[in-house]
Amino acid sequence: MQYSTAISDFILATSTIYASYLAFQRRDTEGYFGSMGLLTFVLAAIFGIVRFGIEPSIMPVHQFFSNFAAYVGVPIIGVSFISIKIYRINKFNYLYIAIALLILFNLFTYFIKFPVYATLIGGLANVGILIVGIRSISSEKIYALCAIGGSALTIIAGLFIGTDGAWFALLRIDLFHYVLSIANILLGISFKNLSGKQSIV
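In short, a report on the structure. (Residues numbered from 1 in each chain as written. Predicted model: local features only at pLDDT ≥ 70, side-chain atom pairs only at ≥ 80, totals over all residues. Heavy atoms only, no water.)

With that settled, the discussion passes to the overall build of the chain. Across its full length, the chain carries seven helices and two strands. In the chain, the succession of helices and strands from N to C terminus is α-α-α-α-α-α-β-β-α. Its C-alpha atoms give the chain a radius of gyration of 16 Å, near enough to 17 Å, the size a compact globule of 201 residues would have. Counting only C-alpha atoms, the chain reaches 50 × 35 × 25 Å along its principal axes. Here the chain, with 201 residues, has 46% of them falling under the buried criterion. Expressed as a percentage of contacts within the chain between residues at least 6 apart in sequence, the contacts between residues at least 24 apart total 73%. Between the centroid of the 12 positive side chains of the chain and the centroid of its 7 negative side chains there is a distance of 12 Å. (Helix = DSSP H or I, 4+ residues; strand = E, 2+ residues; numbered from the N terminus. Rg over C-alpha atoms; globule rule 2.2 N^0.38 Å. Buried < 20%, exposed > 50% of the residue type's maximum accessible area, 1.4 Å probe, protein only. Contact = heavy atoms within 4.5 Å. Lys, Arg positive; Asp, Glu negative; His and termini not counted. Charge placed at Lys NZ, Arg CZ, Asp CG, Glu CD.)

Encoded structure:
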C-alpha cells in the first residue's frame, strides 16, 4: 500500500468536489459543464484512494479514469472558460464538443498510441484559461488571477512535477495531487465569479 498517495488523492477529491460546487453556482451552461469537467478529477481521485489505500489490483480502472480526466475533463474546463469570456458556446455545441472529446479519448486510448495527446490538449485548454485570465485582469482582477493561477499550477503539475519518483521525502505523485488541489479550487473560484459574455453563437 502507498498510504501517503491515498491521502493526497483524498485531499484532491475533497478539494475538487468543492471546486465543482463553486463552478456549478454559476447556474449557466459554462458553470454546469465546467463543474462536470472538474468532477472527472474527483472520479480519478476516488479510484486512486482505493488503489493506493485498499486494493492495488484496481490500477487499470484508476488509470482509465485518470486518462479520462486528462483527455476529456481538462479540455471541457478550458472550453467552458473560453465560453465565459471569448466565444460563447451554446449547450448543443457543448454536447458536440463532448462527443468529439469522447471519440478522441477512445481513439487514442485503444487504437492509436499518441502519448503526447493529453499534454497537447491539456496545454491548449490551459493556455485558453490563461488568455481568459489575462483578458479579464483589468476588470476582475482577483478572479482573473485565480484563473491564471489555476491554469499555471495545472501546467506546472503536469509538465514539471509529474507522478514518477520523489523530491527528497515527498513522492512526486503526492505533490502533483496537492498542487492540483490548489489549482482546482482557484479555477472553481474563478468559474463562480467571472462575468460572462451575453451573445450566444
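Okay, helix H4 (residues 91-111) next. Under the 1.5 Å per step criterion, the end-to-end length of H4 is 29 Å for 21 residues, consistent within 8% with the ideal 30 Å. Of the surrounding secondary structure, the elements contacted by the buried residues of H4 are helix H2 (29-53), helix H3 (59-85) and helix H5 (117-136). Where H4 begins, one side-chain oxygen reaches toward the backbone nitrogen of Phe-92, 3.1 Å away; that side chain belongs to Asn-90. (Expected span 1.5 Å × (residues − 1). Polar contact = N/O pair within 3.5 Å; in protein donor to acceptor, adjacent residues only side chain to side chain.)

Interpretation in functional terms is not warranted from these geometric data alone.
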